[in-house]
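Examination of the molecular architecture
Each chain, written out:
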Amino acid sequence: MLPTRVLLALTTLCLCAAAAVFGVWLAQRGDEAPAAQGWQGSVRPPGARLPAFSLTTQDGEAMTAAALRGRPVIVTFIYSTCEDTCPGQVQSIRGALDDLGRDVPVIGVSVDPAGDTLRRAQAFLVEQSMKGRMDFLLGTREELEPVWDAFGIAPQRDGRDHSAYTVLVDAEGRQRTGFPASQLTPRALAADLARL
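Residues numbered from 1 in each chain as written. Predicted model: local features only at pLDDT ≥ 70, side-chain atom pairs only at ≥ 80, totals over all residues. Heavy atoms only, no water.

An α-helix turns once per 3.6 residues; consequently, residues spaced three or four apart project the same way. Its 16 residues give helix α3 (residues 85–100) an end-to-end C-alpha distance of 23 Å, which sits within 8% of 22 Å, the value for a rise of 1.5 Å per residue. When we look at burial in α3, the residues that qualify are C86, P87, Q89, V90, S92, I93, G95, A96 and L97. Buried residues in α3 make contact with β4 (73–78), β5 (106–110), α4 (118–127), β7 (165–169) and α6 (186–195). Following α3 by one or two positions, G101 adopts a phi angle in the positive range, close to 85 degrees. (Helix = DSSP H or I, 4+ residues; strand = E, 2+ residues; numbered from the N terminus. Expected span 1.5 Å × (residues − 1). Buried < 20%, exposed > 50% of the residue type's maximum accessible area, 1.4 Å probe, protein only. Contact = heavy atoms within 4.5 Å.)

The following block contains the structure:
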């Protein structure tokens, strides 16, 4: 009869070996999980696209979805007086562009149409060191709602925070991957951008 200590050690060894075999099996299955596909962000629903829109940049210029076609775009949802989540998202985007070594179009879509003004949007971009690297898109609630709806975003409301999400759109206008603010890192975003 083997001593209890030896039996315990053998049992532990067998469990570790079984876990390792199971891990290898999972890695080779080819599931649709983002990690298996090589994406860092969550894969967006099939058919989700950048909707048609015509909004106004922080400089008062018109911008349309059609003008963004033909290249990847980073789309994030922010408001100009935000002091925590929005600056964090924008700093992660800035870090991703720095890591990537080149700029791609970045649009921040307002989630607070009543509070976001040209002046506030300009000040926000300056504070985040993103002037010239990002456009802050403004409009009325009616103009912004189709964009929010296409990305599944809840706007900022009294007592309720907006959906803090960043999405990568490919050159054909398809939403490819997305990151909630809590999971957005420069490294992960840069990795997904490099795949586009």
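Before going further, it helps to spend a moment on the sheet that holds β5. In spatial order, the strands read β1-β8-β7-β4-β5-β6; together these 6 strands make up an open sheet with mixed pairing. Since the sheet does not close on itself, it has two edges, and those belong to β1 (42–43) and β6 (135–137), each with one partner. By the bridge criterion, 5 bridges tie β4 to β5 in an arrangement that is parallel. Pairing of F77 across the sheet is with V109, part of β5. (Pairing = 2+ DSSP bridges.)

With that out of the way, let us pick up the environment of D112. Topologically, D112 is positioned in the loop between β5 and α4. Classification of D112 by relative accessible area gives buried; the value is 18%. Sequence separation between D112 and G139 is 27 residues; the distance between their C-alpha atoms is 9.3 Å. Beyond its immediate chain neighbours, meaning those up to four positions away, D112 contacts Y79 and Q156.

Along the chain, the position of R44 falls in the loop between β1 and β2 (54–56). It turns out R44 is buried and unbridged, and the closest side chain with the opposite charge, D192, is 11 Å from it. Of note is the side chain of R44, whose polar atom sits 3.1 Å from the backbone oxygen of F151. When near neighbours in sequence (up to four residues on either side) are disregarded, R44 contacts F151, Y165, V167, Q175, R176, T177 and G178. (Lys, Arg positive; Asp, Glu negative; His and termini not counted. Salt bridge = Lys/Arg side-chain N within 4 Å of Asp/Glu carboxyl O. Polar contact = N/O pair within 3.5 Å; in protein donor to acceptor, adjacent residues only side chain to side chain.)

What follows concerns the nonpolar core. The biggest cluster of nonpolar side chains holds 46 residues, and the ones touching the most others in it are F53, I74, V75, F77, I107, F151 and L189. Sequence-distant contacts of F53, defined by excluding residues within four places in its chain, comprise M63, T64, A65, L68, I107, L137 and V147. (Core = buried A, V, L, I, M, F, W, Y, C linked by side-chain atoms within 4.5 Å.)

Turning our eyes to something else, we now look at the packing of aromatic side chains. As enumerated under the stated definition, the model contains 2 aromatic pairs in all. Measuring from centroid to centroid gives 5.8 Å for F124 and F136, while their planes differ by 85 degrees, and the two rings are edge-to-face. One end of the pair, F124, is in helix α4; the other, F136, is in strand β6, with 12 residues separating them in the sequence. Accessibility classification places F124 together with F136 in one group, the buried group. Between the NZ or CZ atom of R195 and the centre of the ring of W39, over which it lies, the distance is 4.2 Å. (Phe/Tyr/Trp six-rings, centres within 6.5 Å; stacked < 30°, edge-to-face > 60°. Lys NZ or Arg CZ within 6 Å of the ring centre and 35° of its normal.)

None of this, on its own, says anything about what the molecule does.
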